[in-house]
Amino acid sequence: MADVVSSPHLEGLHPVGRRPPLGPYLVEAWRRRSFAFNLAGHRLIGSLLQNRLGMLWLVLKPLSIALIYGTIFGLILSGAARPPGFAQYVIVGTFIFEFFTGAFGNGSKSITSNAKLVQSIGFPRILLPVSTVIEYAMRMVPIVCLLYILLIAFGERISWKWLLLFPILGIMAMFNLGVALIAARMTVAVRDVQQLIPIVNRLLLYGSGILFDVDGALAHLPVVLTLVQLLPTYEFIAIARDVTLSTYSAPLIAWVGAPVWAVLALSVGVLYFWRAEARYGLSD
């Protein structure tokens, strides 16, 4: 048995049910980052191979959501709630919001859906939510390409500011990971959390101004508008619109708040998730 434990093939692994110190835990997770990337890639390819249209579904899903919601809200909105360049406004909001909902929803069940792997061997469980966020970051590549094509089709002029969308998505990935880590631990403790996530996403869909201009609609309610502008999803979508749309300027609070939310969510998420590391190997 001693020979098995000391085997170089198992170097760096730890017994299931033990929480290592935070520093070595993060070092080991970084050393095994290739596992997260490989898992994300295999899972993405596997999900695409299950469908006849394959990679087309990566862009068809957000595009169909933007088309359906955009058509409905385009018919009923008027006045301050309908921004200029409405089609582009909805497309950017829907596409960026898709990154959050995918990472949040699937990241929340990254531990429970990999129960056999978690129970079989000791490794930093944080790699599972990380792999989910990486997967959805990969999914954003064709989505962003389609976004640029649609913006050009709707008359937006190509600008160097469009390149800023990539660091914005990088910072958003930090926020998404923090939220996924928190939700993953909560789901291990209480599976009912999964039932709340669609409700939270629906509230954020409307509260973050994905489909209408909350700045204009709530201009007469400055306190409520400020609260909405403090929503992290609002802030990331607002600054994404700022760098891609010529008709929109994000409030200063969004540019300041988005990176603050990213650092705060990631810091809290890592600590919160790590503190329960010993429990994940014992999950059902």
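Scroll up a little and you will see the structure.
Below, the structure is looked at part by part. (Residues numbered from 1 in each chain as written. Predicted model: local features only at pLDDT ≥ 70, side-chain atom pairs only at ≥ 80, totals over all residues. Heavy atoms only, no water.)

1. Here we look at the side chain of Thr132
Piece 1. Along the polypeptide, Thr132 turns up in helix H7 (residues 127-153).
Piece 2. In this structure, Thr132 is in contact with Arg43, Ala103, Asn106, Gly107 and Ser110, ignoring residues within four places of it in sequence. (Helix = DSSP H or I, 4+ residues; strand = E, 2+ residues; numbered from the N terminus. Contact = heavy atoms within 4.5 Å.)

2. Describing the nonpolar core
Piece 1. By size, the foremost hydrophobic cluster in this structure holds 80 residues, and its most contacted members are Ile96 and Leu165.
Piece 2. Per-element tally for this core: the top contributor is H7, with 14 residues.
Piece 3. Those residues within four positions of Leu165 in sequence are excluded, and the remaining contacts are Ile96, Val144, Leu147, Tyr148, Ala240, Val243 and Thr244. (Core = buried A, V, L, I, M, F, W, Y, C linked by side-chain atoms within 4.5 Å. Buried < 20%, exposed > 50% of the residue type's maximum accessible area, 1.4 Å probe, protein only.)

3. Quick look at helix H9 (residues 193-207)
Piece 1. The end-to-end C-alpha separation of H9 is 20 Å, in line with the 21 Å expected for 15 residues at 1.5 Å each.
Piece 2. All of the buried residues along H9 are Val193, Ile197, Asn201, Leu204 and Leu205. Axial view of H9: buried residues confined to an arc of 130°, hence all on one face. For H9, the exposed residues lying more than 90 degrees away from the buried face are Gln195, Leu196 and Leu203.
Piece 3. Among the residues trailing H9, Gly209 stands out with phi positive, at a value near 70°. (Expected span 1.5 Å × (residues − 1). Arc of directions from axis to C-beta.)

4. Section: the packing of helix H2 (residues 22-31) against helix H13 (residues 252-275)
Piece 1. Running from N to C, H2 and H13 point in directions that differ by 105°, and their axes come no closer than 11 Å. The orientation of H2 relative to H13 falls into the category roughly perpendicular. Taken together, the residues of H13 that come into contact with H2 (itself represented by Leu22, Tyr25 and Leu26) are Val270, Leu271, Phe273 and Trp274.
Piece 2. Across the contact of H2 with H13, the residue classes tally to 7 nonpolar, no polar and no charged. (Axes fitted to C-alpha atoms, helices over the stretch in contact; angles between N-to-C directions. Parallel < 35°, antiparallel > 145°, perpendicular 65-115°, else oblique. Nonpolar A, V, L, I, M, F, W, Y, C, P; charged D, E, K, R; others polar.)

5. Notes on the pattern of salt bridges
Piece 1. Under the definition given, this model contains 6 salt bridges.
Piece 2. Between Lys161 and Asp242 there is a salt bridge whose closest N-O contact spans 3.8 Å. Separated by 81 residues along the polypeptide, Lys161 in the loop between H7 and helix H8 (165-189) and Asp242 in helix H12 (residues 232-244) bring together distant segments of the chain.
Piece 3. Look at the salt bridges and you will find they share partners, linking Arg43, Glu135 and Arg139 into a network. (Salt bridge = Lys/Arg side-chain N within 4 Å of Asp/Glu carboxyl O.)

6. Brief notes about H13
Piece 1. With 24 residues, H13 should reach 34 Å at 1.5 Å per residue; the first-to-last C-alpha distance of 35 Å fits that figure.
Piece 2. When H13 is considered as a whole, its buried residues turn out to be Ala254, Gly257, Ala258, Ala262, Ala265, Gly269, Val270, Phe273 and Trp274.
Piece 3. Packing partners of the buried residues in H13 comprise H2, H7, H8, H12 and helix H14 (277-280).

7. What about the packing of aromatic side chains?
Piece 1. Taken as a whole, this structure holds 10 aromatic pairs when the rule is applied.
Piece 2. Judged by centre distance (6.0 Å) and plane angle (25°), the ring pair of Phe100 and Phe175 falls under stacked. Here Phe100, found in helix H5 (residues 86-108), pairs with Phe175, found in helix H8; they are 75 residues apart in sequence, far enough to count as distant.
Piece 3. Ring centres of Phe175 and Trp261 lie 6.4 Å apart, and the angle between their planes is 80°; this geometry places the pair in the edge-to-face category. (Phe/Tyr/Trp six-rings, centres within 6.5 Å; stacked < 30°, edge-to-face > 60°.)

8. Regarding the environment of Ala184
Piece 1. With respect to the helices and strands, Ala184 occurs in helix H8.
Piece 2. On the basis of relative accessible area, Ala184 is assigned to the buried category, the value being 0%.
Piece 3. For Ala184, the residues in contact, after removing those within four places along its chain, are Gly107, Ser108, Ser110, Ile111 and Phe273.

9. Some details on the packing of H5 against H9
Piece 1. Packing of H5 against H9 brings their axes to within 10 Å, and their N-to-C directions diverge by 165°. When the axis of H5 is compared with that of H9, the two are roughly antiparallel. The handedness of the crossing between H5 and H9 is right-handed. Contacts from Phe97, Phe100, Thr101, Phe104, Gly105 and Ser108 in H5 reach Gln194, Ile197, Val200, Asn201, Leu204 and Leu205 in H9.
Piece 2. When its residues are assigned to classes, the contact of H5 with H9 shows 7 nonpolar, 5 polar and no charged. (Left-handed = near helix turned anticlockwise from the far one by under 90°.)

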